[in-house]
Amino acid sequence: RWGRRERALLWCVLAAAWEAAWGQLRYAVPEEMPKGSFVGDVAKDLGLQLPALRDRGVRVLSEGRTQYFSLHGKTGHLVTAERIDREQLCRLVQQCVLRCEVIVEGEMKVYGIEVEVTDINDNAPSFREVETELRLSETTAPGSRFPLARAHDPDAGPNSVQSYELSGDEHFSLAVQAGPGGDQRPELVLAKALDREEAACHELVLRASDGGEPARTGTARIRVAVLDANDNAPVFSQAEYTVRVPEDVPVGSALVTLTATDADDGLNGDVKYSLKKITEKASQIFQLDAGTGAITLLRSLDFEEGDSYELEVQARDGGGLSDTAKVAIAVTDVNDNAPEISVRSALSAISEDAPSGTVVALLHVQDRDSGANGEVRCSIAESLPFRLEKSFAEYYRVVTARELDREEVAEYNVTVRAADGGSPALRSSAVLALRVLDVNDNAPVFAEARYSARLPENNAAGALVLTVRAADADWGQNARVRYRLSEGRVRGAPLSSYVSVQAETGALYALRSFDYEEVREVGLWVRAEDGGAPALSSNVSVRLVIVDENDNAPQVLYPPAAPAPAPGAGWAGVELAPRSAEPGALAAGSLTRWLVVAVAAVSCLFLAFLLLLLALRLRRWRRSPLLAAGSGALRGVPASHFVGIDGVRAFLHSYSHEVSLTADSRKSQLRLSAGSCCDTLPARPP
């Protein structure tokens with residue numbers, strides 16, 4: 001019977017014959033063959049004559065910089081140019097194939113050759129850690145399983161690790177689980193309860209064997225330390241961690257941090273992390289921090305070299321309990337194209353009364369990346385009264401989200417932002433400058449709710465009384481304010497004959513001199529009107545109070561002025577003289593003065609009484625229309641008569657005084673009647 005090796009060589013020969021018929025040769029050679037080892041009879045398979053090999057210039061070229069094969073000039077055999085190590089050349093692939101070409105320069109022909117480097121059992125299984133310590137609590141339940149480190153064998157196929165064996169103690173047994181990829185995962189099984197008082201330590205040997213002939217083995221020593229009770233094992237926050245990282249992530253970056261928690265205290269709650277499954281290549285790229293569980297990058301990633309990695313991390317507390325988690329790291333291509341925003345059409349100005357939904361601009365947005373890196377999201381700040389609407393394909397419309405108000409914001413710089421779906425995302429933006437055109441939607445507003453001013457009487461014509469101010473929030477012609485007086489009359493005359501307002505400034509001027517005795521107060525309305533179409537306006541009341549000045553001299557009503565006496569006439573009036581007057585003294589000088597004082601005192605008392613009544617009804621009088629001028633007068637009556645006695649001739653002097661108060665006046669008047677005197681009796685001679 002033929003062995004496995006002979007059958008493999010037979011199939012290789014048959015395959016080589018078939019490929020030669022089609023101009024493609026295929027050979028197989030075991031790895032680790034010495035330099036010059038036979039690979040295949042190229043001259044025979046290609047039908048080349050040996051003497052003509054040199055004349056025709058036949059040579060062999062291998063792919064890459066290293067030439068693994070050469071052509072023997074005398075025999076026409078393809079031989080190895082150096083020792084070939086399959087594990088070094090093809091450690092990441094199951095089938096290792098090297099390609100070269102045979103060039104016949106004389107005939108200008110090229111023949112392709114594929115050489116499969118077959119695996120030989122030249123590597124023994126090995127463990128990353130030849131000595132491992134497990135710390136188990138004595139309360140660990142029988143049947144508990146603990147993952148063990150797997151052996152690694154660079155060989156492929158049956159020459160790789162095929163089985164595990166455990167020896168050393170009856171307390172433990174070995175269970176081997178099949179992984180998703182068909183790999184074997186050894187687990188330590190507690191077969192018998194532990195007793196720390198009986199044995200504080202157990203020494204075990206784990207042996208891994210490959211399937212070669214003869215088989216190669218590798219061993220690892222396992223030391224199990226029995227601890228007091230640790231009844232809580234670490235638990236990872238996730239059973240599987242999936243990480244996607246771009247290939248340009250900086251060296252030293254933390255890709256993911258694994259977290260395992262242990263409810264125990266002290267040493268039993270102290271969790272340490274370790275890698276339990278990792279390829280040789282991955283061990284050169286990733287590093288695990290035993291204290292924090294952070295996986296960091298040791299060297300740069302290359303998407304073309306490897307797009308995914310799978311690790312197994314174990315978390316073990318101080319009592320020896322552990323948990324495992326899977327870490328899948330996917331390397332993504334970099335996102336090197338930012339979105340491009342093109343403004344196809346845009347408005348530069350928009351009316352503030354434009355309805356919601358008015359189109360402001362049409363944009364074209366694209367990203368030359370593919371997949372998620374080419375998916376673009378556009379946005380506008382929510383604080384702006386605009387929104388984006390998808391038009392079709394890669395077009396967007398910028399429309400108004402609500403009505404605009406130029407008085408609030410007169411100009412917008414609308415920033416449209418675009419971000420792709422890359423990680424990190426690339427962004428770009430475009431700014432649309434948009435002016436808001438004014439609409440006459442604001443009436444003028446006066447600075448004060450009402451105006452009042454005090455104007456002294458006898459003012460000069462054209463004097464400035466006060467200035468009213470009104471502002472309009474609109475712009476341009478719509479904000480231009482002009483002032484004018486509302487129609488009205490004062491004492492039967494048009495209001496415009498008394499005052500005027502400057503249309504541009506709002507200055508109010510007196511057109512005539514006011515007389516307090518005629519006009520005490522003037523009320524009017526000023527209208528402010530903007531320049532819009534149609535125009536908007538507002539009114540304000542203005543109250544002008546005329547202030548009295550001392551512009552009238554006192555008028556003596558009593559005693560009346562005496563007319564010029566006729567020649568030979570007697571006294572023109574009556575004068576009183578005291579009985580004790582000396583000869584030559586003025587007859588009535590002192591008496592008349594006291595008489596005037598008495599009359600003035602009586603008049604003042606009467607006036608005070610009337611003013612008291614007026615004060616009590618002052619509020620009613622202010623709210624009621626002014627009483628007609630001259631509505632009545634209070635008239636007085638003669639106050640007294642004086643008669644001389646004790647030898648003095650009788651003097652009769654009758655008099656009267658009149659006090660009047662009108663409702664449209666704030667002044668009282670005292671008038672002494674001129675015709676209140678009677679004739680004077682002549683004195684009796686002695």
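Residues numbered from 1 in each chain as written. Predicted model: local features only at pLDDT ≥ 70, side-chain atom pairs only at ≥ 80, totals over all residues. Heavy atoms only, no water.

Caption draft 1: Fine view of a negative patch on the surface. A contiguous patch of negative charge on the surface is contributed by Asp 353, Glu 403, Asp 405, Glu 408 and Asp 441. Considering the arrangement of structural elements, one finds Glu 408 in the loop between β29 (395-400) and β30 (411-420). (Patch = residues over 30% accessible without salt bridge, like charges linked within 9 Å, V, L, I, M, F, W, Y side chains within 5 Å. Areas by Shrake-Rupley, 256 points an atom, 1.4 Å probe, with all protein chains shown as cover. Salt bridge = Lys/Arg side-chain N within 4 Å of Asp/Glu carboxyl O. Lys, Arg positive; Asp, Glu negative; His and termini not counted. Charge placed at Lys NZ, Arg CZ, Asp CG, Glu CD. Helix = DSSP H or I, 4+ residues; strand = E, 2+ residues; numbered from the N terminus.)

Caption draft 2: Fine view of the confidence of the model for the protein chain. Looking at the protein chain as a whole, its pLDDT mean stands at 80, while 80% of the residues score no less than 70. Note on residues 13-22: pLDDT under 50 across the span, and eight contacts to partners over four residues away in sequence or across chains. (pLDDT = per-residue confidence, 0-100. Contact = heavy atoms within 4.5 Å.)

Caption draft 3: Expanded view of the packing of aromatic side chains. Enumeration according to the criterion identifies eight aromatic pairs in this entry. Ring plane angle 75° and centroid distance 6.4 Å describe the contact between Phe 236 and Tyr 241, whose orientation is recorded as edge-to-face. Of the two residues, Phe 236 and Tyr 241, neither departs from the other in class, the shared state being buried. When the ring of Phe 446 is compared with that of Tyr 451, the centres are 6.4 Å apart and the planes differ by 75°; the resulting orientation is edge-to-face. Across the pair, exposure class does not vary: Phe 446 and Tyr 451 are buried alike. (Phe/Tyr/Trp six-rings, centres within 6.5 Å; stacked < 30°, edge-to-face > 60°. Buried < 20%, exposed > 50% of the residue type's maximum accessible area, 1.4 Å probe, protein only.)

Caption draft 4: Layout of the layout of surface pockets. Estimated volume of the second largest pocket: approximately 1,600 Å³. Considering the residues around the second largest pocket, the lining is formed by 44 residues, among which Ala 151, His 152, Asp 153, Lys 277 and Thr 279 are closest to the centre. Elements with a contribution of two residues or more to the lining of the second largest pocket: α4 (86-89), β10 (161-167), β19 (272-277), α5 (280-283) and β22 (308-316). A class-by-class count of the residues in the lining of the second largest pocket yields 14 nonpolar, 14 polar and 16 charged. (1 Å grid on protein atoms, 1.4 Å probe; cavity = no way out; pocket = protein on both sides within 12 Å on 5 of 7 lines; lining within 4 Å. Points joined across faces, edges and corners; volume = space filled by probe spheres on them. Nonpolar A, V, L, I, M, F, W, Y, C, P; charged D, E, K, R; others polar.)

Caption draft 5: Representation of empty space enclosed by the protein within the structure. Scanning the entire structure with this criterion turns up one cavity of 30 Å³ or more. Reported here for the largest cavity is a volume of approximately 90 Å³. Every residue along the wall of the largest cavity is listed here: Phe 127, Glu 129, Thr 132, Leu 134, Pro 147, Leu 148, Ala 149, Leu 206, Ala 220, Ile 222 and Lys 276. Classifying every residue of the lining of the largest cavity gives eight nonpolar, one polar and two charged.

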